[in-house]
Each structure stands twice: as C-alpha cells, then as structure tokens.
Amino acid sequence: MNKALGDTFLGLDLSTQQLKATLTDKDSNVILEKSVAFDEDLPEFKTKGGVCVGKNGRVTVPVRMWVKALDLLLQKLKNSEIEFSKIRAISGAAQQHGTIYWSNGSLNFGETLSSEKSLYEQLQKSFALEDSPIWQDMSTTQQCEALEKHIGGPQELANISGSKAYERFSGNQIAKIYQDYPDVYKNTERISLVSSFLASLFLGSYAPIDVSDGSGMNLLNIWQKTWEHQLLDACAPDLENKLGGVVENGSRLGCIHSYFVQRYGFRKDSLVINFTGDNPATVLSMNLSEGDAVVSLGTSDTVLMHLSNPSPSTFASILCHPSNSNSHMGLICYNNGSLTRQFIRDEYANKSWDEFNNLVEQILPGCQDRIGFYGSNNSDSIRIEQGSVVPEFSDPTLNTRAVLESRFLSMYMKCMQLGLRTKRVFAVGGAASNDSILQVLADIFGVPIYKFAFGNSASLGASYLARLGFLKALDPGKQFHDLGIKDTSQLSKQPNLDNHQTYSGLLEKFSEASKKWDRIELS
Ligand code: ADP
Ligand code: XUL
C-alpha cells in the first residue's frame, strides 16, 4: 500500500459481483484498492455472479448480503492497515436501478446501532423485502407497457424521463412490488436505490437519491430534476413520500455514524457525500471531451458519453450529468456483458482467456460472413451463417470472435445514430484487461483505445465525488473541474484501418440482422 501523506477520500462501488473500494489522496493518486467478491467471500447467500435468478425473469439479491459485505470490506481495509483517521469524506457508486424496501419504523435505525455487533446482526428487521430486485430483472414487461400507455408512448416517456420504459428501471420494478406484494409495499417506509441504500448505512438514516442515478428510474423529469407526478402516480400510490428528495452530486449528507468511528477508527467528522450510479461515477473518473466515448465491459456492457444538447430516443438513455449540472450523459446498456463472453469462453475455449484470445486473433474480421447474437446460454443465442439462421456455425470456434463483433458493431452503430462522431474510446471494466478484445474494439470503431492504470473506474469516480463534496462543504462554489484531475489514460490500441474498412462494409448487413435479433442483447 502507498502511504498517503495528507487527507484521503474513500470511494466504494457496490457492483453486481463485488463490493469494491478505492482510496485516493488530495492529488487524486490512488493509495489502495480492495474488494469483496459475493460468490466467493459470502458463499452462504448462494449467489451466482452476485445474484439469485428466480422464475419468469426475476433477478434479486438478498439485501442483507450487501449489508454483510460492507463490514467485510471495511475489515479487509483495516487488516491492510489503512489509516481511517485520514479519510475526510466518503462517497460511493452502485449498480443502477435496483431497489431496497426499508420497513416501517426503520428511519432511525442508527439510534440503536452498537459497534460491538455487526451491521448484519443489527439490521435483521430493517427491510420489508428480503430480496431486492436488481438491474438484471426482466420480469416487468407488463408494468413497462402500462407506463408507456399511460404517458402516450415510449417516445413521450423518453422526452420526460430520458428513457423509454425499461424492465430494469426502478419505477417499473416498484410498480410490480406494489401489485404483487401489496403488504410489502404498505410496510415500506422508504425505497432506496442501491447507491442511496449504501449511503444510508454510513449515515445511520435514510440518504436521498442523487439526480444522475435517479434518472434511471423512469420517474424523474431529467430537465427539471424533480419527481414527475404523473409517472409516480402511474407506478404506485404515495410514492413521493417513500422515495424522499433528490440531490445534486457533491451534496454533503452528514457525518459518518459513530458505529464506523468506534469499530474501525474513522474520524468523527468524516463527511458522507451523496452516492451515485456506477455509470455516472465512471464518467466522473475521467474528463470526457467532445468525441470521447467510454466503453465499459463489466457484468453489463455500457457505452457512456457526454451530451450537451441531447435528443431523447428509444434506443439509448439520457441521464442528468454527474458533474455538470447544465448537461446530460448518454447511456447505451447491454445486460449480457462479461457473463456472456465467459459462457462463450467456457464453451469454445476450454475456460481459458488465453485460448479464447488465440482463437479471436486467428479468425479474420467478419468471421467469414457469420453473425451471432448471444444470450447467456445456447438456447438464448442466434447464429446467422451466410444469411441463414443455424443452430451452430460450421466452424464453432468462430463464436469467439463473433461474440465480440456483434457487440462492438452494435455499439458503433448506435453511437452514430446518436450523432456521436467518436474520436477516442476509453475502455474500462473487467474485460478491458484483455488486449485481444480491445483490438477488435479499436478496429470496429476505427479509433484509438485508451485505458487506465487503476482497476475500477466507478469506485475511483466515487472517491473524486467524496473530495468534491468535502471541498464544497468548505466553499459551496467549488466545481468538479476545481479538483484538477489529471488525465492518466494511456494509449492501448491503434486501429488497423484495413480491418476498419472491412467492418464498415459489413455495417449494412449487420444493421439489417440486428433489427430482428438485437433485442436478445440490448436491454
Ligand atoms: P462489475 O463491476 O460489473 O461487477 P467488472 O467490471 O469487475 O464487473 O468485470 C468483471 C468481469 O470481468 C468478469 O465477469 C470477467 O468475465 C471479466 N474479465 C476479467 N478478466 C478478463 C479477461 N482477461 N478477459 C475478458 N474478461 C475478463
Ligand atoms: C445501466 C445498467 C447497468 C448497471 C450495472 O443502465 O443497468 O450498467 O448499472 O452495472
């Protein structure tokens, strides 16, 4: 571990498969990164890929697993001798859209917290719903259709909330809980997003939702940054009370609860700054200019960009920008990211990334006129060989390159439809460590790919958010650019322009095929 000389700032990321922490100093240097992996470190909750898959598209997480993970992570930080007394502020990021239902009477759960027992032991009765629906949940098609109908169609909904109705978006998830479990809804005093839930644990009381993460709910008016009553009312009764207020990024929520001071040695005046979504936090971790796109290759694959004058569409989402209150960010999300690539690796490359990469490098761009649209197993996947749908390619190893090509061609096409003339791509997330994958990305976009030395961009962005909040508490006029964050990205791959030309020639055919099949992939 690097020793920090002065103040430090802690950023967390409650992602799908792990809870991660990044500690930075006042010059934005990374001092330490640590994580807890849910499947491996907390096997008693029996998650796979960090989640529990139920019937009819339901995907949930036992909320108390996240509670337990927080103490485990802080204990790991303590074991690595991090100096808690230097941490001036804490913020966090989290997977977007998931909802947590606090039970009636939990508002002041902090009043009775003792540092002698774990949070897990003490928060047994705090949740009206044990299993929180998360972003992978696809069970709310009916609620989505009802919301779009209520408001006049998908484009109308996008014009107000930034997005058409998506199954994973929180408003539709809340509507389903209200309809399927009215008693749970009645017994719920506060609904948190995953980000505001984690902030609440640090505060010992309910934290507000921030506008960027709140833009992923189909409930917020992304222009006025207030709840939209006609949308709230269409989802469930009394919803505004249960959601509480919304705040801008960099907002100081209060001081850390004494539980953390006594148990781990945090300073009493450590500030808790608002927590945000993982995608907005990733945008915060880098200074994007016009023509930059971030491609995040994690459990979900996302493309993120800065938009100063966005037009809502039905194939991308627009969120309030996390650091520039006058602008927005664009988000294109594919819910089958790394786990789908893992499935192809396991099936065709002996569970080895090296073998997967060897195959990818041997296959020519375009996969000899094969296109694949992949779900998370074979029965959810479609393969097209020379124009016809086939159960398997004549050469099955082609799946390795095809799984990358269809994803990146789709991203490239959608960026163009959004009017983004990409000049640089920043690659982040677990699969950004794979050079063969990045070369295909560079060739398809026809632009250089940049990477960062440090692993997790969302928790890094959250640590910057913590510093912003700390500075704002001293001087409310401080802005994100005052942090003076240096561009630490490094050129990783240059495009092969011959390959780019081959891909440009395939776009029309791909676009036709994807009209029919990319619903498998795009969520
Ligand atoms: P999240 O934050 O969404 O939980 P990460 O960004 O940490 O996810 O990414 C985790 C994923 O990274 C794993 O599911 C794994 O498949 C993928 N990954 C890790 N190393 C490699 C590699 N060398 N090549 C491709 N994918 C990788
Ligand atoms: C974005 C989305 C995912 C989650 C999990 O809309 O659903 O990227 O934030 O990372």
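Predicted model, so just to flag it, every value in this text is computed and none were measured. Starting from 1, residues in each chain are numbered consecutively following that chain's sequence as written. Each chain gets a letter, beginning with A, and each ligand a number, beginning with 1, in the order they are written. A pLDDT threshold of at least 70 governs which residues receive local features in this predicted model, and a stricter bar of 80 or more applies before side-chain atom pairs are shown or counted, although totals over entire chains, interfaces and linings include all residues. The side-chain numbers reported here are obtained from all heavy atoms of the structure, hydrogens and water having been left aside.

## Examining unusual backbone geometry
Excluding glycine, residues mostly have negative phi values, and the peptide bonds linking residues are mostly trans. Even without glycine at this site, Glu81 takes up a positive phi of about 60 degrees. Phi angles above zero are rare outside glycine, and Gln368 is one such case at about 50 degrees. With respect to the helices and strands, Gln368 occurs in the loop between helix 15 (353-362) and strand 21 (370-373). Summary of the burial criterion: residues with accessible area below 20% of their type's maximum are buried, those above 50% are exposed, and those between are partly exposed, where the area comes from a 1.4 Å probe applied to protein chains only. Looking at Gln368, the relative accessible area reads 49%, which means it is partly exposed. Numbered from the N terminus, helices here are DSSP runs of H or I no shorter than four residues, and strands are runs of E no shorter than two.

## Considering helix 19 (residues 497-517)
A helix is expected to span 1.5 Å multiplied by its residue count minus one. In this model, helix 19 (21 residues) spans 28 Å end to end at C-alpha, consistent with the 30 Å of a helix rising 1.5 Å per residue. A residue's bend is given by the angle between axes fitted to the 7 residues ending at it and the 7 residues starting at it. Of all the bends found along helix 19, the most pronounced is centred on Leu507 and spans about 45 degrees. The contact definition used throughout considers only heavy atoms, calling two residues in contact when any of these lie within 4.5 Å. Residues of helix 19 that are buried make contact with strand 21, strand 22 (382-385), strand 23 (388-390), helix 16 (398-417) and helix 17 (435-445). Nitrogen and oxygen atoms within 3.5 Å of one another constitute a polar contact, given that in protein one can donate a hydrogen and the other can accept it, and given that sequence-neighbouring residues count only through two side-chain atoms. Its side-chain oxygen placed 2.9 Å from the backbone nitrogen of Asp498, Asn496 serves as the N-cap of helix 19.

## Description of the UniProt feature "domain: Carbohydrate kinase FGGY N-terminal" (unreviewed entry) in the chain
UniProt marks residues 134-284 with the feature "domain: Carbohydrate kinase FGGY N-terminal" (unreviewed entry), using the numbering shown here. Its end C-alpha atoms 23 Å apart, residues 134-284 is made of 50% helix and 15% strand. UniProt positions are given in the numbering used here, feature names are shortened, and annotations may be inferred rather than shown by experiment.

## Describing the packing of helix 16 against helix 17
Between N-to-C directions, angles span 0 to 180 degrees; the directions come from axes that are lines fitted to C-alpha atoms, helices contributing only their stretch in contact. The interhelical angle for the contact between helix 16 and helix 17, taken along N-to-C directions, is 40 degrees, at an axis separation of 9 Å. Between helix 16 and helix 17, the interaxial angle falls into the category oblique. The element helix 16 and its partner helix 17 pack so that their crossing is right-handed. Residues Arg401, Leu404, Glu405, Phe408, Leu409, Met411, Tyr412 and Cys415 of helix 16 form the contact with helix 17, whose participating residues are Ile437, Val440, Leu441, Ile444 and Phe445. When the residues that make up the contact of helix 16 with helix 17 are grouped by side-chain class, the tally is eleven nonpolar, no polar and two charged. Any angle that is under 35 degrees is reported as roughly parallel, and any over 145 degrees as roughly antiparallel; angles of 65 to 115 degrees are reported as roughly perpendicular and all others as oblique. Crossing handedness follows the turn of the near helix against the far one: under a right angle anticlockwise gives a left-handed crossing, and clockwise gives a right-handed one. All amino acids are sorted into three groups, where Ala, Val, Leu, Ile, Met, Phe, Trp, Tyr, Cys and Pro are nonpolar, Asp, Glu, Lys and Arg are charged, and the leftover types, Gly among them, are polar.

## Section: the site of ligand 2
In the vicinity of ligand 2, the residues found are Gln95, Gln96, His97, Trp135, Arg168, Asp278, Asn279, Ser300, Thr302, Leu331 and Cys333. Interatomic distance of 2.8 Å between a side-chain N/O atom of Ser300 and an oxygen atom of ligand 2. Put simply, the parts of the chain that give the shell around ligand 2 at least two residues each are helix 13 (278-284) and strand 20 (328-334). Of the residues contributing to the shell around ligand 2, the split by class is three nonpolar, six polar and two charged. Nearness is defined per residue: one heavy atom within 4 Å of the molecule or strand is enough.

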